[in-house]
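Analysis of the macromolecular model
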Amino acid sequence: MEYQVEMQHTEKSFEALAHMQYDLFCVGNRVARSLLSLGLVILGVANFSQWWGVLITAYGCYLVTSTYSAANHTAHKLTKQLRDNGLDFPASRYVFKKKAMEIISLPEETPLGKPLPYAEIFRLGEDREYFYIFRDRYGGYMIPRAALGEREEAFRAFLEEKTDQIFLGRSAPVIRLLRRMRRWKGKRG
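Residues numbered from 1 in each chain as written. Predicted model: local features only at pLDDT ≥ 70, side-chain atom pairs only at ≥ 80, totals over all residues. Heavy atoms only, no water.

So, on to the overall build of the protein chain. Tallying secondary structure elements over the protein chain gives seven helices and nine strands in all. Computed over its C-alpha atoms, the radius of gyration of the protein chain comes to 20 Å, more than 25% above the 16 Å expected for a compact globule of 189 residues. Taking the intrachain contacts of the protein chain between residues at least 6 apart in sequence as the baseline, contacts between residues at least 24 apart amount to 56%. By element, 59% of the accessible surface of the protein chain is carried by carbon and sulfur atoms, the whole surface being about 11900 Å². Averaging the coordinates of the 28 positive side-chain charges in the protein chain and doing the same for the 21 negative ones gives two points 7 Å apart. (Helix = DSSP H or I, 4+ residues; strand = E, 2+ residues; numbered from the N terminus. Rg over C-alpha atoms; globule rule 2.2 N^0.38 Å. Contact = heavy atoms within 4.5 Å. Areas by Shrake-Rupley, 256 points an atom, 1.4 Å probe, with all protein chains shown as cover. Lys, Arg positive; Asp, Glu negative; His and termini not counted. Charge placed at Lys NZ, Arg CZ, Asp CG, Glu CD.)

The element strand β8 (residues 139-144) is largely enclosed, with a buried count of six among its six residues. Because side chains alternate across β8, one face comprises the buried residues Gly139, Tyr141 and Ile143, and the other comprises Gly140, Met142 and Pro144, equally buried. Where strand β7 (residues 130-136) and β8 come together, six bridges link them in antiparallel fashion. Across the sheet, residue Phe134 finds its bridge partner in β8, namely Gly140. Hairpin connection between β7 and β8: a loop of two residues separates the two successive antiparallel strands. (Buried < 20%, exposed > 50% of the residue type's maximum accessible area, 1.4 Å probe, protein only. Pairing = 2+ DSSP bridges.)

Of the two faces of strand β1 (residues 3-8), the one holding Tyr3, Val5 and Met7 is buried and the one holding Gln4, Glu6 and Gln8 is not buried anywhere. Direction of pairing for β1 relative to strand β2 (residues 91-96): antiparallel, over a ladder of six bridges. Looking at the pairing, Gln8 lines up with Ala91 of β2.

Our focus in this paragraph is the environment of Arg156. With respect to the helices and strands, the residue Arg156 is situated in helix α6 (residues 152-163). In the structure, Arg156 is positioned 25 residues away from Phe131 in sequence and 8.5 Å away in space, judged by C-alpha atoms. Of the polar contacts made by the side chain of Arg156, one reaches the side chain of Glu126; its length is 2.9 Å. (Polar contact = N/O pair within 3.5 Å; in protein donor to acceptor, adjacent residues only side chain to side chain.)

Structural measurements only, silent on function.
Printed below as a string of structure tokens:
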């Protein structure tokens, strides 16, 4: 089965890609940030009558609310560079074949290097709007779910089988469990 999907980037899609990249590859940073924030808020609230208690509480709250600030900075910097140079946001066509995916730059219809073998895909991610395919920690591709229509679940199963990975994301644990059970049942039956 072959899938073919087109993606036109926007400022929001750059942000979404940067957020997913942070979620998948900066787990240690996120855990440390959350623990530090919790500790600072508890310490600050316990000493709220002191000026520094208020300051520590505010900083702890800032750590929680600014989780994606570095990711957003990167996305906005890239957007600014494109706009400053009068360039359009990139657009691509992704063609998923039996052994590899091809990335074709649009509107030029130019293949971007050799096809990416599924075995070389580093990580898969997902959110409510996109599937993410990372070739390494520093670059990835976005597949709009809406472009897949009725074939969304089949596409997920196809990529998970080809890459021998699962899509990681912000879905509820029970939904991830149900998907794994469906996939396991499909492999056995």
